[in-house]
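What follows is the residue order along each chain.
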Amino acid sequence: MKYLRYGPKGSEKPGLLDADGRIRDLSAVVEDLTAASVAKLGSIDPERLPLVEGNPRLGVPVAGIGKFIAIGLNYADHAKEAGLAPPPEPIFFTKAISCLTGPNDEVMIPKGSEKTDWEVELGVVIGKTCRYVGEADALHHVLGYVLANDVSERAFQKELGSQWDKGKGCDTFGPVGPWLVTPDEVPDPQALDMFLDLNGKRMQTGNTATMIFDVAHCIAYVSRFITLYPGDLLITGTPPGVGEGQKPDKIFLKAGDEMHLGITGLGEQRQKVVAWRNLGDEVSA
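Attention in this report is confined to the structure presented alongside it. (Residues numbered from 1 in each chain as written. Predicted model: local features only at pLDDT ≥ 70, side-chain atom pairs only at ≥ 80, totals over all residues. Heavy atoms only, no water.)

Looking at helix α5 (residues 215–222)
Within α5, seven of the eight residues are buried, which leaves the element mostly enclosed by the surrounding structure. Along α5, the residues classified as buried are V215, A216, C218, I219, A220, Y221 and V222. On its buried face, α5 is in contact with β4 (68–72), β5 (91–94), β9 (120–126), α3 (135–138), β10 (142–149) and β16 (233–235). (Buried < 20%, exposed > 50% of the residue type's maximum accessible area, 1.4 Å probe, protein only. Helix = DSSP H or I, 4+ residues; strand = E, 2+ residues; numbered from the N terminus. Contact = heavy atoms within 4.5 Å.)

Considerations on the pattern of salt bridges
Here the structure, examined in full by the defined rule, presents 21 salt bridges. A salt bridge links D32 to R5, with the nearest nitrogen and oxygen atoms 2.9 Å apart. Taken together, the residues span a long stretch of sequence, with D32 in the loop between β3 (23–25) and α1 (35–41) and R5 in strand β1 (residues 2–6) at a distance of 27 residues. Put simply, E159 and K115 hold a salt bridge, and the shortest N to O gap is 2.7 Å. Here the residue E159 occupies a position in the loop between α4 (154–158) and β12 (174–175), and K115 occupies one in the loop between β7 (107–108) and β8 (116–117), the gap between them amounting to 44 residues. Linked by salt bridges that have partners in common, K95, D117, E119, D150, R154, K158, K168 and E244 make up one network. (Salt bridge = Lys/Arg side-chain N within 4 Å of Asp/Glu carboxyl O.)

Brief notes about the sheet that holds strand β18 (residues 267–274)
Pairing between the strands of a sheet is mediated by backbone hydrogen bonds and can be parallel or antiparallel. Read across the sheet, five strands follow the order β7-β18-β17-β14-β15 without closing on themselves; strand pairing throughout is mixed. Here the strands that pair on one side only, and so sit at the sheet edges, are β7 and β15 (201–207). Sheet analysis places β7 next to β18, joined by two bridges and oriented parallel. Bridging across to β18, M108 finds its partner in V274. (Pairing = 2+ DSSP bridges.)

Here we look at the environment of R224
As for its placement among the helices and strands, R224 is situated in the loop between α5 and β16. Residue R224 is classed as partly exposed on the basis of its relative accessible area, which comes to 44%. Distance from R224 to Y132, taken between C-alpha atoms, is 4.8 Å for residues 92 residues apart in sequence.

Thoughts on the pairing of β4
Counting buried positions over the five residues of β4 gives five, a clear majority of the element. Covered by surrounding structure in β4 are F68, A70 and G72 together with I69 and I71, the residues of both alternating faces. Two strands pair when backbone bridges link them, and β4 and β16 are joined in this way by three bridges, in the parallel orientation. Paired with F68 across the bridge in β16 is L233. Summarising the sheet, β4 and β5 pair through four bridges and their orientation is antiparallel. From the neighbouring strand, A70 faces β5, where its bridge partner is F93.

A word on the pairing of strand β14 (residues 193–198)
Within β14, five of the six residues are buried, leaving the element largely enclosed by the surrounding structure. The pairing of β14 with β15 spans six bridges and is antiparallel. Residue pairing for β15: F195 is matched across the bridge by T205. Connecting β14 to the next strand, β15, in antiparallel fashion are two residues, including N199 with a positive phi near 55 degrees. Two elements, β14 and strand β17 (residues 258–263), share five bridges in a ladder whose sense is antiparallel. Its bridge partner lying in β17, D197 is registered against H260.

Below you can see the structure in the form of structure tokens.
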């Protein structure tokens, strides 16, 4: 099943995508799509749900994400383009929950930024509590898979001390969706093609088969140090082709750019890049 949330920011409604690619309204079944409500939905006949007219905005497909954890340098070719050796153990960091945004919402360059970059990634939404979970059992704790763009500001990340989080959690730096895809539709998370285009030019091409540490290993490893709860989001690294790795000259995002990215079976995203503005109390997800 492909679950989604649609509507204006802060007022999203629950829905799903039927076999014909049409949005069906789940509002009469659940109040919102959370890890708990998705786990209880069971078998639903999409044809019995009302059709949603038009082309509404899509939000983050799961509400109530508690933690946003990311794995760094998890593709050998990406580590190489960054000038770094493949890590002997998974590197992980956090992205601020406040950076979460819908899959096609604008990406905003932070104030003072000159090195904002892109990263197409496979994301995993946790469905059952993970605490010292073994690799063999790790995928049984997955609620579903999502497409994510780990937008990053490289100067903030690498030139202002050693804390990667500084360049990872800026407002709008966490586009997620369009859908939460249940594991029955993703039989092998290590066999998914992925891409990202910038202004119509292919920048990233990869496959999750080339991860240094596979999804099960990442879940198990993080659960040794941080308890993962239902609804937490873990993104698992990016293939080569980020702006920082372009040759002969690095390329970074600027206002007016457009990103288009996707992963097999998980849908696609399109984001326009805009200059910084004061969001005030605007709801991000």
